[in-house]
Amino acid sequence: MFKRCLALFMLLVLAGCSSIPANFEKPQVNLASISIAKLGLLEQQFVLNLRVTNPNDFDIPINGLNVNVDLNNREFAQGVSNEKVTLPRLGEKIVKLNVTTNLGNVFKQLGALQSSDLKLAYKIRGKVYAPLIPGGLPFERTGELNGLGEAKGVQKY
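Numbering of residues starts from 1 in every chain and runs along the sequence as written. Since the coordinates come from a predicted model, pLDDT governs what is reported: local features require at least 70, and pairs of side-chain atoms require 80 or more to be given and counted, while whole-chain, interface and lining totals use all residues. Water and hydrogen atoms were dropped before computing side-chain values, which therefore reflect all heavy atoms in the structure.

Visitor: Just to check I follow, could you spell out the overall build of the chain for this structure?
Guide: On a plain count of helices and strands, the chain comes out with two helices and ten strands. Helix and strand assignments follow DSSP, with helices taken as H or I runs no shorter than four residues and strands as E runs no shorter than two, numbered in order from the N terminus. The secondary structure elements of the chain, listed N-terminal to C-terminal, are α-β-β-β-β-β-β-β-α-β-β-β. Only protein chains enter the accessibility calculation, which uses a 1.4 Å probe; a residue whose area is less than 20% of its type maximum is buried, one above 50% is exposed, and one in between is partly exposed. Across the 157 residues in the chain, those meeting the buried criterion constitute 36%. Any two residues whose heavy atoms approach within 4.5 Å at even a single point are treated as in contact. Pairs at least 24 residues apart make up 61% of the contacts formed inside the chain by residues separated by at least 6 positions.

Structure, rendered in structure tokens:
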């Protein structure tokens, strides 16, 4: 019985892998902006606007993502989203993601964000989850935030 279950499982895994096109390219994830959602004494919440771009010639259903944010080479915030979106072929979507931090120096970093001439180095990393890709697709992006919470950066795989 165990061997039959194992064989069935292996067939399902192989069938799932065969539905991924051979020329599949990973979606690109960029930090479009970050804004303050809620400030508390023990916990702070921010909203990330992530621009997720599909470089493929077919739609990609996305059923969630997770992200970790570093500012100035220090862990800053983490968050997850189970928002389901379909990335249009050769298109993009903005996905809003709530992240939470409890770092003691968050107020110092917020002060720096509000200064329009100061740049803050950031790194976002995480996974994009798609039903056809077991384990998700990892991404990493580095760049700078200006004082308005706008971002520019570089995608890494």
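And the narrative resumes.
Visitor: What is the right way to read the nonpolar core from this model?
Guide: Soluble, globular proteins show a tendency: their nonpolar side chains are buried together. Among the buried residues, those of types Ala, Val, Leu, Ile, Met, Phe, Trp, Tyr and Cys that are joined through side-chain atoms within 4.5 Å form a nonpolar core. One finds L48, L50, V67 and I124 to be the most contacted residues of the largest nonpolar core, which totals 29 residues. Sort the elements by how many residues they give to this core and strand β8 (residues 120-130) lands first, with five residues.

Visitor: Is there a simple way to explain the pairing of strand β2 (residues 44-53) in this structure?
Guide: Along any regular strand the residues' side chains alternate between the sheet's two faces. Extensive coverage of β2 is indicated by the burial of eight of its ten residues. By the bridge criterion, ten bridges tie strand β1 (residues 28-39) to β2 in an arrangement that is antiparallel. If you follow I34 over to β2, its bridge partner there is L48. In textbook terms, the turn of a hairpin is the stretch between consecutive antiparallel strands, and for β1 and β2 this stretch comprises four residues. Should DSSP find at least two bridges between two strands, the strands are regarded as paired. Alignment of β2 against strand β7 (residues 92-101), held across ten bridges, turns out to be antiparallel. The residue bridging N49 from the neighbouring strand is K96, located in β7.

Visitor: Help me understand unusual backbone geometry, please; the structure alone is not making it clear to me.
Guide: The phi torsion of most residues other than glycine is negative, and most of the peptide bonds are trans. You will see that L90, though not glycine, has its phi angle at about 50°, which is positive. Position of L90 among the secondary structure elements: in the loop between β6 (85-87) and β7.

Visitor: Is there a simple way to think about the pattern of salt bridges in this case?
Guide: When charged atoms on two side chains of opposite charge get close, those side chains can pair. For this analysis, a salt bridge means a side-chain nitrogen from Lys or Arg found within 4 Å of a carboxyl oxygen belonging to Asp or Glu. All chains considered together, the criterion is met by three salt bridges. The partner of R51 in a salt bridge is E92, and the shortest N-O contact between them spans 3.0 Å. Linking R51 in strand β2 with E92 in strand β7, this pair joins segments that are 41 residues apart in sequence. What makes E92 partly exposed here is its relative accessible area of 40%. The partner of D70 in a salt bridge is R125, with the nearest N and O atoms 3.2 Å apart. Of the two residues, D70 sits in strand β4 (residues 64-71) while R125 sits in strand β8, which places them 55 residues apart along the sequence. A residue is classified by how much of its surface remains accessible, and D70, at 12% relative accessible area, is buried.

Purely spatial values, then, with no claim about function.
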